[in-house]
Every structure is written in C-alpha cells, then in structure tokens.
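# Topology and contacts: notes
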Amino acid sequence: MATQHSVDEADIRQRIDQLVQAIRVMDLEGVKPIYAPDIVSFDIVPPLQQVGAEAKWKNWVDVFTAYQRPLGYEIRDLTLTLGDDVAFGHSLNRISGTLKNGNRTDSWVRWTGCFRKIDGNWLIVHDQVSVPVDMESGKALLNLRP
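In this text the structure is predicted, and so the values were computed from the model without any measurement.

### Here's the deal with the pairing of strand β5 (residues 104-118)
With 13 bridges joining them, strand β4 (residues 86-98) and β5 adopt antiparallel strand pairing. Residue pairing across strands places V86 opposite R116, the latter belonging to β5. Hairpin connection between β4 and β5: a loop of five residues separates the two successive antiparallel strands, and G102 in this loop has a positive phi of roughly 95°. Note: β5 against strand β6 (residues 121-130), nine bridges, orientation antiparallel. Bridge assignment links K117 to a residue of β6, and that residue is W122.

Okay, here's the thing in structure tokens:
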C-alpha cells in the first residue's frame, strides 16, 4: 500500500509533468492551475520579485509571445523533498526554440519550486529561476550545459 508521502510525491511530479506539457504547446490555461494565487516569484526577468499568480502568468505569456511553436522545454534532475503540507524541489530546466525574429535559443536555467498543499492540491507558492553570472563582466552565462 502506498504511503501518503509517495502519493503526494507522485501528485507533485504529475502536476509538474502537466506544466511541462502546457509550456511546450504554449497553453496558458494549462499553465495556470499549478500556481497558488499568492505565489512569490523570483523569475529570470525583472523585477527582482513578483507577487501573485497573474504576474507569473504574464511572464509565461511573454515567453509564448516571443517564440514560434513548438517550444522546447525539458526538466532534468528533478529532486523533491516533502513534508506533510509543504515541499520543495529543484532541477535544471532547458528552454529552446525559435524566436519570432528567427533567432534560435537553447538555454539551461536553475529552478527551485516551493509547494504547499492547499485544499488538497499541491501548488507552487514560491519559485526561483536563475542562471549563473560571470562576476567580472556581470553578464549571464547562458551557454552552460549540465
């Protein structure tokens, strides 16, 4: 018989898989259900902090608007740690595709997500997306590979 911990972990992984599928087909309505209404996001784009699901959704709209279909999105080395009603995970995520201007991109980012079980659903209440920075130049290092 499955423990509650294994059921919860499988649920979070399934929700992340659904998020990935929605990102790949650029489906905003498919992206929305995983984020808590009061999410605090430290996304890769300014500002330093965004609060609320609508701000997070807007970031995905901006991504979907910038790229041609399909969008490549991959999660590697996802590690989850769970408690009774909170969990966190981290992974390396790859976004790739062709921008509307014809330029091709292929970048890996670091992702950390914090989940809370709200009304029986695991939702992302905080996330952080980042890339390493060359301290001498101050420039993001977008060409690193795992």
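### Observations regarding the environment of N103
In this fold, N103 is placed in the loop between β4 and β5. Residue N103 is classed as partly exposed on the basis of its relative accessible area of 45%. Put simply, N103 and Y67 are 36 residues apart on the chain and 9.4 Å apart in space, counted from C-alpha to C-alpha. Dropping the residues within four chain positions of it, N103 is found in contact with G97 and T98.

### Quick word on the side chain of N59
Locating N59 in the fold gives a position in helix α3 (residues 53-66). A relative accessible area of 8% places N59 in the buried class. Ignoring sequence-local partners within four residues, the contact set of N59 consists of D43, V45 and Q50.

### As for the nonpolar core
Judged by nonpolar contacts, the single largest core of 30 residues is most densely connected at I12, I16, I23, V31, Y35 and F115. For this core, the secondary-structure elements that each account for two or more residues are α1 (4-24), β1 (35-42), α3, β3 (72-82), β4, β5 and β6. For this core, the leading source of residues is α1, giving six residues. Every residue in contact with I12, bar those within four places of it in the chain, is listed here: L80, L82, A87, F115 and W122.

### Here's the deal with the pairing of β6
For β6, a buried count of eight out of 10 residues is recorded, marking the element as mostly surrounded by other parts of the structure. Of the pairings in the sheet, the one linking β1 to β6 comprises four bridges and is parallel in character. Each bridged residue has a counterpart across the sheet, and for F42 the counterpart in β6 is Q128. Taking the residues between adjacent antiparallel strands as the criterion, β5 and β6 are bridged by two residues, where D119 takes a positive phi near 50°.

Thresholds, definitions, all that
- Per chain, residue numbering runs from 1 following the sequence as it is written.
- Note on the predicted model: pLDDT of at least 70 is required for a residue's local features to be given, and 80 or more for side-chain atom pairs to be given and counted; whole-chain, interface and lining totals, by contrast, use all residues.
- In computing side-chain properties, one takes all heavy atoms of the structure into account and sets aside hydrogens as well as water.
- Pairing between strands is defined by DSSP: at least two bridges between them are needed.
- The helix count covers DSSP runs of H or I at least four residues long, the strand count covers runs of E at least two residues long, and both are numbered beginning at the N terminus.
- The buried label goes to any residue with under 20% of its type's maximum accessible area, the exposed label to any with over 50%, and the partly exposed label to all in between, with areas taken from a 1.4 Å probe on protein chains only.
- Here, two residues are considered to be in contact whenever any of their heavy atoms come within 4.5 Å of each other.
- In these notes, a set of buried Ala, Val, Leu, Ile, Met, Phe, Trp, Tyr and Cys residues joined through side-chain atoms within 4.5 Å is what counts as a nonpolar core.

Structural measurements only, silent on function.
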